[in-house]
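# What the coordinates show
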Amino acid sequence: LSHYIKKLTNILDVSEQSIFTLINRVRNKKNQKGFLSKKVEDDSKETRDIKIQKYVLSLIFQSKDPFNLSEKLFNTVGAEEFSTPSFKKIAENLISFNKQQKESFNIDKFSLRLKPELRPVFDELFLYATYEADFEVENVNKLINEIKKFSLKREISSLLKSKTASDKSDNRITELNTALKKLEKNNIKV
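What you see is a predicted model, and the numbers here were worked out from it, not measured in a lab. (Residues numbered from 1 in each chain as written. Predicted model: local features only at pLDDT ≥ 70, side-chain atom pairs only at ≥ 80, totals over all residues. Heavy atoms only, no water.)

### Notes on a nonpolar patch on the surface
On the surface, Leu 8, Ile 11, Leu 12 and Leu 127 cluster together into a nonpolar patch covering about 340 Å² of accessible area. Broken down by element, the nonpolar patch gets its largest block of residues, three residues, from helix α1 (residues 2-12). Within the element layout of this structure, Ile 11 appears in helix α1. (Patch = residues over 30% accessible without salt bridge, like charges linked within 9 Å, V, L, I, M, F, W, Y side chains within 5 Å. Areas by Shrake-Rupley, 256 points an atom, 1.4 Å probe, with all protein chains shown as cover. Salt bridge = Lys/Arg side-chain N within 4 Å of Asp/Glu carboxyl O. Helix = DSSP H or I, 4+ residues; strand = E, 2+ residues; numbered from the N terminus.)

### Here we look at the packing of aromatic side chains
The relative placement of two aromatic rings is captured by the distance of their centres and the angle of their planes. Within the structure shown, the criterion is met by ten aromatic pairs. Ring geometry for Phe 67 and Phe 105: centres 5.3 Å apart, planes at 85°, overall edge-to-face. Of the two residues, Phe 67 is situated in helix α5 (residues 66-76) and Phe 105 in the loop between α6 (85-100) and α7 (107-113); the sequence distance between them amounts to 38 residues. Relative accessible area serves as the criterion here: at 12%, Phe 67 is assigned to the buried category. For Phe 105, a relative accessible area of 15% corresponds to the buried category. Put simply, the rings of Phe 61, Phe 67, Phe 97, Phe 105, Phe 110, Phe 122 and Phe 126 touch in pairs and so form one group of aromatic residues. (Phe/Tyr/Trp six-rings, centres within 6.5 Å; stacked < 30°, edge-to-face > 60°. Buried < 20%, exposed > 50% of the residue type's maximum accessible area, 1.4 Å probe, protein only.)

### Details of helix α2 (residues 16-31)
Count 3.6 residues to each turn of an α-helix, and residues three or four apart come out pointing the same way. Taking 1.5 Å per residue, 16 residues should reach 22 Å; α2 reaches 23 Å between its end C-alpha atoms and fits that length. For α2, the set of buried residues is Ser 18, Ile 19 and Leu 22. Viewed along the axis of α2, the buried residues span an arc of 100°, placing them on a single side of the element. Seen from the buried face of α2, the exposed residues on the opposite side, beyond 90 degrees, are Gln 17 and Asn 31. Buried residues along α2 sit against α1 and α8 (119-128). (Expected span 1.5 Å × (residues − 1). Arc of directions from axis to C-beta. Contact = heavy atoms within 4.5 Å.)

### Thoughts on the environment of Glu 155
Relative to the helices and strands, Glu 155 resides in helix α9 (residues 137-161). Given the relative accessible area of 29%, Glu 155 is considered partly exposed. For Glu 155 and Arg 172, which are 17 residues apart along the polypeptide, the C-alpha to C-alpha distance reads 9.6 Å. If sequence neighbours within four positions are ignored, Glu 155 has contacts with Arg 172 and Leu 176.

### Brief notes about the packing of α6 against α8
Where α6 contacts α8, the two axes come as close as 10 Å, and the packing angle between them is 85°. In terms of orientation, α6 and α8 fall into the roughly perpendicular class. In this structure, α6 contributes Ser 86, Phe 87 and Ile 90 to the contact, and α8 contributes Val 121, Phe 122 and Leu 125. Looking at the contact of α6 with α8 residue by residue, the class counts come to five nonpolar, one polar and no charged. (Axes fitted to C-alpha atoms, helices over the stretch in contact; angles between N-to-C directions. Parallel < 35°, antiparallel > 145°, perpendicular 65-115°, else oblique. Nonpolar A, V, L, I, M, F, W, Y, C, P; charged D, E, K, R; others polar.)

### Focus: the confidence of the model for the protein
Mean pLDDT over the protein stands at 80; residues scoring 70 or higher make up 83%. Across the protein, α6 holds the top mean pLDDT of 89, while helix α3 (residues 35-45) sits lowest at 54. (pLDDT = per-residue confidence, 0-100.)

### Describing the packing of helix α4 (residues 48-62) against α5
At a closest axis distance of 7 Å, the pairing of α4 and α5 adopts a crossing angle of 150°. In terms of orientation, α4 and α5 fall into the roughly antiparallel class. Only Pro 66, Leu 69, Ser 70 and Leu 73 of α5 make contact with α4, whose side of the interface consists of Val 56, Leu 57, Leu 59 and Ile 60. A per-class count over the contact of α4 with α5 returns seven nonpolar, one polar and no charged.

This is the structure we're talking about:
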């Protein structure tokens, strides 16, 4: 087992501890009653919004130039627009790490900077998408725009659900709808 873990660490360029953690997590889940049916239910509950967020973050961490790809993401989407709190925290850490680092991206330095409770989420994100050396930039741009679109829809929905209807919230809903329509038009053109 340790031989293959060492091979995986070289191939994936991650720490041995990350792989051990994932293996133990899978073993624990298999030992639980009803593992297979539970896994199918969990995957079906995950929304497209969350899957896209995971995929884009995974592509960033697996790319040859994570800073460049993250810059494209954060020019369109703010860290606060991620729907999962752990994704928000990882995105915030990536933004601040990007500002502090002048040299190339180092995945180990970045993962050590994360709080211990975020590391398993980061490990999962890192391994979520398979590395595609030639992924198309326009596809990534479409996914980034889709993250933004889901964020706008969530904000509109929360404003509509709020019981206090005021002129400010009506104006904000109008602004958000306009931004959403513009984003959808741009997606059609691309």
